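Examination of the molecular architecture
Okay, here's what each chain looks like letter by letter:
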Amino acid sequence: MRHGDAGRYGEDAFRPEETGEAHRIDLGALAYDEVTTARLRALGTGPGWHCLDVGAGTGTVARWLLESAGVSSVLAVDRDTRFLPVDRPPGLVAQTADITAPDFDPGRFHLVHARFVLMHLRSWRRMIARLGSLLVPGGVLVLSDAVDLTTSSAPATPYTVVMRAMWQALRQTIGTDISWVPDYPYFLLEDGLHSVAAEIHVPPLLPNGPLNRFWADTWERTRCAILATGQVDESGIERALDALSSPDSAALSPGMLTTWGWKPQHTAGSPHP
Ligand SMILES: C[S@@+](CC[C@H](N)C(=O)[O-])C[C@H]1O[C@@H](n2cnc3c(N)ncnc32)[C@H](O)[C@@H]1O
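Residues numbered from 1 in each chain as written. Predicted model: local features only at pLDDT ≥ 70, side-chain atom pairs only at ≥ 80, totals over all residues. Heavy atoms only, no water.

**Digging into helix H4 (residues 158-174)**
The condition is simple: In DSSP terms, a helix is any run of H or I states spanning at least four residues, a strand is any run of E spanning at least two, and both are numbered starting from the N terminus. Multiplying 1.5 Å by the residue count of a helix minus one yields the expected span of that helix. Partly exposed residues are those whose accessible area sits between 20% and 50% of the maximum for their type, while under 20% is buried and over 50% is exposed, using a 1.4 Å probe and protein chains only. Working rule for contacts: check all heavy atoms of both residues, and any pair within 4.5 Å makes them a contact.
With 17 residues, H4 extends 24 Å from end C-alpha to end C-alpha; this agrees with the ideal 24 Å at 1.5 Å per step. Of the positions making up H4, those classed as buried are Tyr159, Thr160, Val162, Met163, Ala165, Met166, Trp167, Ala169, Leu170, Thr173 and Ile174. Summarising the contacts, the buried residues of H4 are in contact with strand S5 (135-147), helix H6 (210-221), helix H7 (223-228) and helix H8 (234-244). Immediately beyond the C-terminal end of H4, within one or two residues, lies Gly175, with a positive phi of roughly 90 degrees.

**Points about the packing of H4 against H6**
What counts, and what does not: The axes used here are C-alpha line fits, helices contributing only the stretch in contact, and every angle between their N-to-C directions lies in the interval 0 to 180 degrees. If an angle is under 35 degrees, it is roughly parallel; if it is over 145, roughly antiparallel; if it lies from 65 to 115, roughly perpendicular; otherwise it is oblique. Take the far helix as the reference: if the near one is turned anticlockwise from it by less than a right angle, the crossing is left-handed, and if turned clockwise, right-handed. Polarity classes work like this: nonpolar for Ala, Val, Leu, Ile, Met, Phe, Trp, Tyr, Cys and Pro, charged for Asp, Glu, Lys and Arg, and polar for all others, with Gly in that last group.
Look at H4 against H6: their axes get within 11 Å of each other, and the N-to-C directions meet at 55 degrees. Between H4 and H6, the angle falls in the class oblique. Where H4 crosses over H6, the handedness of that crossing is left-handed. Here Tyr159, Val162, Met163, Met166 and Trp167 of H4 come into contact with H6, specifically with Trp215, Thr218 and Trp219. Across the contact of H4 with H6, the residue classes break down as seven nonpolar, one polar and no charged.

**Some points on the site of the ligand**
Operational definition: Residues are classed as near a molecule or strand on a simple rule: at least one heavy atom within 4 Å of it. Side-chain atoms alone can form a polar contact between residues adjacent in sequence; in general such a contact is a pair of N or O atoms within 3.5 Å, and within protein one must be able to donate a hydrogen while the other accepts it.
Around the ligand sit 15 residues, and of these Gly55, Asp78, Asp98, Ile99 and Arg115 come closest. Interatomic distance of 2.7 Å between a backbone N/O atom of Gly55 and a nitrogen atom of the ligand. Contact between the ligand and Asp98: a nitrogen atom at 2.9 Å from a side-chain N or O atom of the residue. For the shell around the ligand, the per-class residue count stands at eight nonpolar, two polar and five charged.

**Regarding the side chain of Thr218**
Mapped onto the elements, Thr218 comes out in helix H6. Beyond its immediate stretch of four places on either side in the chain, Thr218 contacts Phe14, Arg24 and Met166.

See below:
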């Protein structure tokens, strides 16, 4: 594993070649899809919409957009599309691309959605603006990323020690940074979007629930980097894993902040979803 500024998601952590990585992404999706899809429905996604799902992962949101919301098309972009369903519903098109590449220009869309992607990119601020620029007039940008509400003064339990070490490890190895996520609404306003709003969801940590399994798996995959922070040793990680399967750990999971904003209608007759 490289250190410094060179590391990237999918190369220096969370490599798609690693056994079970698709399952790990699906565990996250299980914990958050209900909230994501409720928001997308409330925003009016439906027939006639052409959608872009950036960093689509296993494609659960793309599939929902087509099969439940009835949108007209979804372009699912990921730097590695191997986890997208092979039995793709009609209208789902997969594109393998690095969204940070200067020539990434997949078209214009009524919905541009990215969940748990920009927090892993060092160029997150530029990417917020870039994704907003891919909207048709009247289109909506919907961005979700992680927030950790555990305060720095929260008790140093096995869980909080490992979770803090994990964020530090991800920052050092692949550049993950969630410190700016609560400021999303300001960035969307800065980029000229209107009717900006945001909501937060913190799912419960339940023994053997999808979220507990997601974090246990994430810690296992980043164990070396977590240890390299010097904040915790092997036995500390084991104690934190025990806490994740205990009904009495009182741990607060990181949550998901979703922010959305609309591109103004500039011209009469331009498409509005
Ligand atoms: C944590 S997963 C989230 C997957 C999905 N959005 C979800 O919420 O279930 C992050 C995804 O973003 C993709 N990704 C990371 N960096 C990327 C980049 N620079 N360009 C395209 N995709 C990227 C990864 O391959 C991975 O599928």
